[in-house]
Amino acid sequence: VAPVAEAIGLLTKELDQVPLIGFAGAPFTLASYLVEGGPSRNHEKTKAMMLAETATWHALMAKLTDLTIAFLQAQLAAGVEAIQLFDSWAGTLSLADYRSYVLPHSSRIFAALAAQGVPMTHFGVGTAELLGVMGEAGATVVGVDWRTNLADAATRVGPGKALQGNLDPVVLFAGWPVVEQAVRTVVQDGRRAVQAGANGHIFNLGHGVLPATDPGVI
């Protein structure tokens, strides 16, 4: 990870007072890429292993958790001032399966880093039904994709957590008048989320920036 640490050092020097966010893939998402051999629509091999070879699954997740903790600690040591854990494919799981096979490992990551005292975000795609349990994992911020209204998300996550999100990345292709209106709607939803108990709202997209996006629109 030396090149990552070097890049962080260069960025923090240039950014000066602007915080830099470090990030890592969460154990379940990393495991899915390892087991499937790449992206997957249904994650059938991953789920089959998880359900049928439970001991092997938890051993793999434990190793990935150790690696993720070390990777984020290295980023923090290099100068990042917040971290985000991306569980991009967690939304393929049921609430019960997430709680049994994923939550203990993600929780260990946040527990290991809590003493650093930095904001920690937990994010997944298609996780509307999992927001409450993801909020239990120990992060200070829960990321919300574009499918879920932020005020509804605040109710599901519960008090004490800030929310991050959740403009649909595709909106950025629709022209500035549409983008402006959509952004203002998200900001208003964020204010309603705070009224519903969220400990603040961080405006962001509801997932990653698509490659063809015009940086000027961003």
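As a reminder, the structure under discussion sits directly above these lines.
Rules and cut-offs
- Residues numbered from 1 in each chain as written.
- Predicted model: local features only at pLDDT ≥ 70, side-chain atom pairs only at ≥ 80, totals over all residues.
- Heavy atoms only, no water.
- Core = buried A, V, L, I, M, F, W, Y, C linked by side-chain atoms within 4.5 Å.
- Buried < 20%, exposed > 50% of the residue type's maximum accessible area, 1.4 Å probe, protein only.
- Helix = DSSP H or I, 4+ residues; strand = E, 2+ residues; numbered from the N terminus.

In this section: the nonpolar core. Within the largest apolar cluster, 33 residues are counted, with the highest numbers of intra-cluster contacts made by Trp57 and Tyr98. Of all the secondary structure elements, the ones that give two or more residues to this core are α2 (27-36), α3 (44-52), α4 (54-78), β2 (82-87), α5 (95-101), α6 (103-113) and α7 (131-135). At 6 residues, α4 tops the list of elements feeding residues into this core. Counting 17 residues, the second largest nonpolar core, distinct from the first, contains Val144, Leu150, Val179 and Ala193.

This next bit is on unusual backbone geometry. Trans peptide bonds make up the majority, and among non-glycine residues the majority have a negative phi. Between Gly165 and the following residue, Asn166, the backbone shows a cis peptide bond with an omega angle of -5 degrees. Within the secondary structure, Asn166 is located in strand β5 (residues 162-167). With a phi close to 60 degrees, Asp16 is a non-glycine residue in the positive phi region. Unlike most non-glycine residues, His43 shows phi in positive territory, near 55 degrees. Checked against the element boundaries, His43 lands in the loop between α2 and α3.

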